[in-house]
Amino acid sequence: QVQLVESGGGLVQAGGSLRLSCAASGTCFNIQAMGWYRQAPGKQRELVAVITNGGATNYADSVKGRFTISRVNAKNAVYLQMNSLKPEDTAVYSCNADCYSKHNDLYRYWGQGTQVTVSS
């Protein structure tokens, strides 16, 4: 079992910045990809950014050039630096982790989410 705890959300004006953090604890043989997703009211959850344990990254087109995902493998932690925030970035942001067991079974874990609100 892996527990994910996010922090760093809040209220910010458009153009501002926030940094989200997510720490994983518990038992996992090998955490591969870690990522951030978001869900705005009335919308489906969407991928924001993902990073592998080798450092490869992928971003949603809507956040490219504004958001940066990073990771500290030794801490099983993932971060999301969000700059030039827009009102349309308002959502609940959740981190996730893909955990592989010794037998190569994949388990995906999710955090509870943290609210990000961007005012215009």
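Provided above is the structure to which this section pertains.
Residues numbered from 1 in each chain as written. Predicted model: local features only at pLDDT ≥ 70, side-chain atom pairs only at ≥ 80, totals over all residues. Heavy atoms only, no water.

**Overview of the pairing of strand 8 (residues 77-82)**
- Buried residues dominate strand 8, accounting for five of its six residues.
- Strand direction decides the pairing type here: strand 3 (residues 18-26) and strand 8, joined by six bridges, are antiparallel. Looking across to strand 8, one finds that A23 is bridged to A77.
- Two elements, strand 7 (residues 67-72) and strand 8, share six bridges in a ladder whose sense is antiparallel. When the bridges of strand 8 are listed, T68 appears paired with Q81.
- Taking the residues that link successive antiparallel strands as the turn, the strand 7-strand 8 hairpin has four residues, and the phi of N76 there is positive, at about 50°. (Buried < 20%, exposed > 50% of the residue type's maximum accessible area, 1.4 Å probe, protein only. Helix = DSSP H or I, 4+ residues; strand = E, 2+ residues; numbered from the N terminus. Pairing = 2+ DSSP bridges.)

**Some thoughts on the side chain of D98**
- Checked against the element boundaries, D98 lands in strand 9 (residues 91-100).
- A distance of 2.7 Å separates a polar atom in the side chain of D98 from a polar atom in the side chain of R108. (Polar contact = N/O pair within 3.5 Å; in protein donor to acceptor, adjacent residues only side chain to side chain.)

**Side note on unusual backbone geometry**
- In this structure, N76 is a non-glycine residue whose phi angle is positive, near 50°.
- Its place among the elements puts N76 in the loop between strand 7 and strand 8.
- Notably, N104 is not glycine yet its phi reads approximately 70°, a positive angle.
- Here N104 shows up in the loop between strand 9 and strand 10 (106-110).

**A short note on the pattern of salt bridges**
- Using the criterion set out here, one finds five salt bridges in the structure.
- A salt bridge links D98 to R108; the nearest nitrogen and oxygen atoms lie 2.7 Å apart. Linking D98 in strand 9 with R108 in strand 10, this pair joins segments that are ten residues apart in sequence.
- Connected through shared salt-bridge partners, R38, E46, R66 and D89 make up one network. (Salt bridge = Lys/Arg side-chain N within 4 Å of Asp/Glu carboxyl O.)

**Digging into the packing of aromatic side chains**
- A complete count under the given rule lists one aromatic pair for this structure.
- Seen from their ring centres, Y37 and W110 are 5.0 Å apart, and the 70° between their planes marks the pair as edge-to-face. Of this pair, Y37 sits in strand 4 (residues 30-39) while W110 sits in strand 10, and the two are 73 residues apart along the sequence.
- Judged by its relative accessible area of 17%, Y37 falls in the buried class.
- For W110, a relative accessible area of 30% corresponds to the partly exposed category.
- One cation-aromatic arrangement involves R19 over Y79; the distance from NZ or CZ to the ring centre is 4.3 Å.
- In this structure, R45 is placed above the aromatic ring of W110, and the distance from its NZ or CZ to the ring centre is 3.7 Å. (Phe/Tyr/Trp six-rings, centres within 6.5 Å; stacked < 30°, edge-to-face > 60°. Lys NZ or Arg CZ within 6 Å of the ring centre and 35° of its normal.)

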